[in-house]
Amino acid sequence: MKTTVMGASGLIGTKLVETLRRKGIEVVPASPSFGVDSVTGEGLRAALAGADVIVDVTNTTSFGDDSALAFFKTSTRNLLAAAADAGVEHYLALSVVGTPRLVESDYFRAKMVQENLIRAARRPYTILHSTQFFEFINGVIEMSTHGDDFRLPSAGMRPIAADNVADMLAELAMGRARNDTVEIGGPEKFGLDEIARVQLAANEDRREVISDDRARYYGVELNDDTLLPLKAARLGSLRFGDWLYRSMAN
């Protein structure tokens, strides 16, 4: 089996390439750093030649304007077309738990377009919805800055370790296309405000987290279950406290 990982230089892509190689899978890492650009199309044909599976873990650095939509439209169309030309048998993409409930946000509206393009292509696919990564909790906190403090809602979430997401992607890549969406979340439920306090305490950051259910997440006002996976979701194994301990030790 040969698998092309598009977005191989990012957090998940790097871990996924390592995981697949440990399992004996032939992997082609693809990203602009490797001379492969899903927006311009540069290097796509060579990267997908002979591939059985493409794993799309591409992302944009823009979250608050139309550039996210332009990126996902162009990138996904190019990847789908190149995969079809190469005879790729399984298109596996990483997306976000709650995306259909978060389309008020420019970024999540763009992710919804990405998902719809994949489904509309009428080729074998699997979409993995993941909850927020432990590794990005600090970024969520910083986005909630309000003067010297932070304002975050108490909405529930099940954050997950990137390692667990990479493991799930590897499992899906080695199996048949589901032609459906699969969800994964972390083993513990936190309120957004609660996990921010835990993270700040671990960082010895004394700034206050103010619970405010009108505070927005990527521009969206949340309900308690907006960020939670469905009941049938797979749960990761690594707990947040254990991940914090490991990350502080490194």
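One can find the structure itself at the top, above this paragraph.
Everything in this summary refers to the structure shown in the same document.

Definitions and cut-offs
- Residues numbered from 1 in each chain as written.
- Predicted model: local features only at pLDDT ≥ 70, side-chain atom pairs only at ≥ 80, totals over all residues.
- Heavy atoms only, no water.
- Core = buried A, V, L, I, M, F, W, Y, C linked by side-chain atoms within 4.5 Å.
- Buried < 20%, exposed > 50% of the residue type's maximum accessible area, 1.4 Å probe, protein only.
- Helix = DSSP H or I, 4+ residues; strand = E, 2+ residues; numbered from the N terminus.
- Contact = heavy atoms within 4.5 Å.
- Pairing = 2+ DSSP bridges.
- Right-handed = clockwise from strand over helix to strand, strands pointing away.
- Axes fitted to C-alpha atoms, helices over the stretch in contact; angles between N-to-C directions.
- Expected span 1.5 Å × (residues − 1).

Leu192, Tyr217, Leu222, Leu227, Phe240 and Trp243 are the most contacted members of the largest nonpolar core, which totals 31 residues. The element best represented in this core is helix H7 (residues 192-202), accounting for four residues. Aside from chain neighbours lying at most four places away, what touches Trp243 is Phe134, Glu135, Ala161, Gln199 and Leu238. Residues Val5, Val53, Val57 and Val182 belong to the second largest nonpolar core, which totals 25 residues.

Side-chain direction in a regular strand flips from residue to residue, so the side chains alternate between the two faces of the sheet. Bridging between strand E1 (residues 2-6) and strand E2 (residues 26-30) involves five bridges; their strand directions are parallel. Bridge pairing in E2 places Thr3 opposite Val27. Each parallel crossover has a hand, and the one from E1 via helix H1 (residues 11-22) to E2 is right-handed.

Judged by pairing direction, the sheet is mixed, and its three strands sit side by side in the order E6-E7-E11 without closing on themselves. Of all the strands in the sheet, just strand E6 (145-146) and strand E11 (209-211) have a single pairing partner and so form its edges. One ladder, built from two bridges, connects E6 with strand E7 (residues 149-152); its direction is antiparallel. Within the sheet, the bridge partner assigned to His146 lies in E7 and is Asp149. Across the sheet, H7 is in contact with E7 and E11; its angle to E11 comes to roughly 170 degrees.

Take helix H6 (residues 162-173) next. For H6, with 12 residues, the first-to-last C-alpha span of 16 Å sits near the 16 Å given by 1.5 Å per residue. Here H6 lies mainly inside the structure; nine of its 12 residues are buried. For H6, the set of buried residues is Ala162, Asn164, Val165, Ala166, Met168, Leu169, Ala170, Leu172 and Ala173. Contacts made by the buried residues of H6 are with H1, strand E3 (53-56), strand E4 (90-96), strand E5 (125-130), strand E9 (180-185) and strand E14 (234-235).

Strands sit in the order E2-E1-E3-E4-E5-E9-E14 across an open sheet of seven strands; the sheet is parallel. The sheet is open, and its two edges are formed by E2 and E14, each paired on a single side. Sheet analysis places E4 next to E5, joined by six bridges and oriented parallel. Bridged to Val96 within E5 is Ser130.

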